Amino acid sequence: MENNYICELEQIVNPENVITSFEERLTYSYDSTRLEYMPDVVVRVKNAEQISQIMKLANEYKIPVTPRGAATGLSGGCLAVEGGILLVMVDMNRIIDINPVDLLITVEAGVITEKVSKAVEHLNLFYPPDPGSMKSSTIGGNIAENAGGLRGLKYGVTKDYVNSIEAVLPTGEIVTMGANTVKAVTGYNLADLMCGSEGTLSIITRATLGLLPIPPDRVSILAFFKDMTDAAKTVRDIVAGGVITATLEIVDNVTINAIEDFLKIGLDRTVGAMLLIEVDGQKGAIEAEADIVIRTCKSNSVLSVRQAKSVQERDKLWEARRAALSSLSRIRPSTILEDATVPRSRMVELVNAINEIAKKYQMMIGTFGHAGDGNLHPTILTDLRIAEEAKKTEKAIEEIFKATIALGGTLSGEHGIGITKAQYLKLEISKPVYNLMKNIKSVFDPNNILNPGKMKCTWDI
Ligand SMILES: Cc1cc2nc3c(=O)[nH]c(=O)nc-3n(C[C@H](O)[C@H](O)[C@H](O)COP(=O)(O)OP(=O)(O)OC[C@H]3O[C@@H](n4cnc5c(N)ncnc54)[C@H](O)[C@@H]3O)c2cc1C
């Protein structure tokens, strides 16, 4: 049977796109977590028709199929946990249509996120969702994870820009969900359901995405604080003061030092926390907003606050923020990045809880994140090869999640559940809700072949 299906795959796609050698499959057995699962075969697909035929074949033989974009995912979503076919989407990378009147762009799922904005820059337009990984992540992966980004506070996340999706259902039909109109209430909002479905309900092949005019001007502000609490209070007060900044990012002392070690851009290593803030819009309006931001920093005991002096300095600061995770990951053998998210009003309490947990377990935790969204990335720097460290890490993660839920928050603001957070699902969702999700999954995928083993709650294990 196995040889049959490999031969049949080679008839659907060019044989050179069916990868079976151990060495090559190995390179597809990882993503951006520390985990590893080996697919039985890797298939690089070119169009929806090929995927449709593969799904029909997979249903016939009951073979698991896992879609994979750029593998920048942080919850193990694109790992082939049950083996089978790994479907690589990155060759589906064409920009199909740009419509400046309707402010829409249609792209294939394997297009790199940053390329969407680059493709419309000449029309003075941009695509707002900007995950830190945007230079490598794909639009399909962004939709599947409902990716957020640095501009989430003002501009929202991926789902806010998905008008319609072309997808292949697990049973092989090619369908379109959603509409390319400003308004659409025709039936259930299935395009929205695909956002955050983590590649378990359909394989996204194409998407029509919303665009916005590039704001005419922007100002970046850099503020240093003695500790994370003062910085978190400032975040809360800026928004409460009526300013919705384009970005409002927080970085703690551990992360500042990691960035400085890596990039050497002259950040103050002695401070407890840094806020990176950007306001954008019409010149007069942003000057007034920047003024409120700076005054709010001052009323929260800021150590120093200033505007970026030049475009080069501004770009360097944002590059530094985007390098936070890679900088931290150089410190210890294992980097466990979490994604705790609370209502903004509770962020001071979350920051304090993370500090307490770090002290209790004597662990190094670097924290940074989209503070304006209440979305922090406490990043545990550890060595999981040492049993005692692994045990402490597990306990610390569980306590961070418990604290997050107790503060009215959620397990994941943007990285999804996948396999890394599945064991904690029970903390947040009730059994009836979980059953509802399972029932939705079985309607789409009666043979449970599309990305099986993901979002699987301990109720099921
Ligand atoms: C340095 C770094 C910074 C990051 N910053 C952010 C951030 O700011 N915000 C944020 O939200 N995330 C961030 N991430 C996480 C990650 O980049 C996002 O989750 C991204 O959306 C994953 O895209 P991908 O193409 O790499 O998908 P993959 O990792 O390949 O896959 C992710 C999930 O999507 C599914 N999938 C992929 N393509 C398809 C498709 N065509 N159809 C159906 N399912 C599909 C996979 O099965 C899997 O479940 C960051 C990651 C890194 C490494």
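Residues numbered from 1 in each chain as written. Predicted model: local features only at pLDDT ≥ 70, side-chain atom pairs only at ≥ 80, totals over all residues.

(A) Just the site of the ligand, in detail. In the region of the ligand, 37 residues are neighbours, and Gly69, Gly77, Gly140, Gly141 and Gly199 sit closest. For the shell around the ligand, the secondary-structure elements that each account for two or more residues are β3 (65-68), α5 (139-145), β10 (203-210) and α12 (324-328). For the shell around the ligand, the element with the highest residue contribution is α5, accounting for five residues. A class-by-class count of the residues in the shell around the ligand yields 13 nonpolar, 19 polar and five charged. For the shell around the ligand, the two domains that each supply at least three residues are domain 1 (2-88) and domain 2 (95-213). (Near = placed C-beta within 6 Å. Helix = DSSP H or I, 4+ residues; strand = E, 2+ residues; numbered from the N terminus. Nonpolar A, V, L, I, M, F, W, Y, C, P; charged D, E, K, R; others polar. Domains from an automatic or database assignment.)

(B) Inspection of the pairing of strand β18 (residues 375-382) at higher detail. Of all eight residues making up β18, eight are buried, and the element is well covered by its neighbours. Side chains of β18 alternate between two faces, with Asn375, His377, Thr379 and Leu381 and Leu376, Pro378, Ile380 and Thr382 buried alike. Direction of pairing for strand β16 (residues 334-337) relative to β18: antiparallel, over a ladder of four bridges. Residue Leu337 lies in a different strand from β18, and its bridge partner there is Thr379. Turn length for the strand β17 (residues 364-370)-β18 hairpin, with the two strands adjacent in sequence and antiparallel, is four residues, and the turn residue Gly374 shows positive phi of about 70°. (Buried ≥ 20, exposed ≤ 12 C-beta atoms within 10 Å, placed from the backbone. Pairing = 2+ DSSP bridges.)

(C) Representation of the sheet that holds strand β1 (residues 18-19) within the structure. Pairing within the open sheet is mixed, and its four strands lie in the order β1-β2-β4-β3. A strand with exactly one partner marks an edge of an open sheet, and here the two such strands are β1 and β3. Contacts from helix α3 (residues 48-61) reach β2 (41-44), β3 and β4 (85-88), with the element oriented near 170° to β4. (Contact = placed C-beta atoms within 7 Å. Axes fitted to C-alpha atoms, helices over the stretch in contact; angles between N-to-C directions.)

(D) Structural context of the nonpolar core. In terms of nonpolar packing, the biggest core is built from 64 residues, with Ala223, Val235, Ile250, Met274, Leu275 and Leu350 touching the most fellow members. Each of domain 3 (215-330) and domain 4 (332-428) accounts for three or more of the residues forming this core. Leave out the neighbours within four places in its chain, and Val235 touches Leu248, Ile250, Leu275, Arg344, Met347, Ala371 and Gly372. Val42, Ala58, Ile63 and Val116 belong to the second largest nonpolar core, which has 54 residues in total. (Core = buried A, V, L, I, M, F, W, Y, C linked by C-beta atoms within 7 Å.)

(E) Here's a closer look at the domain arrangement of the protein chain. Assigned domains of the protein chain: these are domain 1 (2-88), domain 2 (95-213), domain 3 (215-330) and domain 4 (332-428). Spacing between the C-alpha centres of domain 2 and domain 4 amounts to 28 Å. Counting residues at the interface gives eight residues for domain 2, matched by ten residues for domain 4. Class assignment for the residues of the side of domain 2 that touches domain 4 results in three nonpolar, three polar and two charged.

(F) Structural detail: the sheet that holds β16. One open sheet accounts for seven strands, arranged β15-β12-β14-β13-β17-β18-β16; its pairing is antiparallel. At either margin of the open sheet sits one strand with a lone partner, and together these are β15 (304-307) and β16. The mean angle between the axes of side-by-side strands here comes to 15°, regardless of whether they run parallel or antiparallel. When strand β13 (residues 247-252) meets β17, the two strands line up antiparallel, connected through two bridges. Each bridged residue has a counterpart across the sheet, and for Val251 the counterpart in β17 is Phe368.

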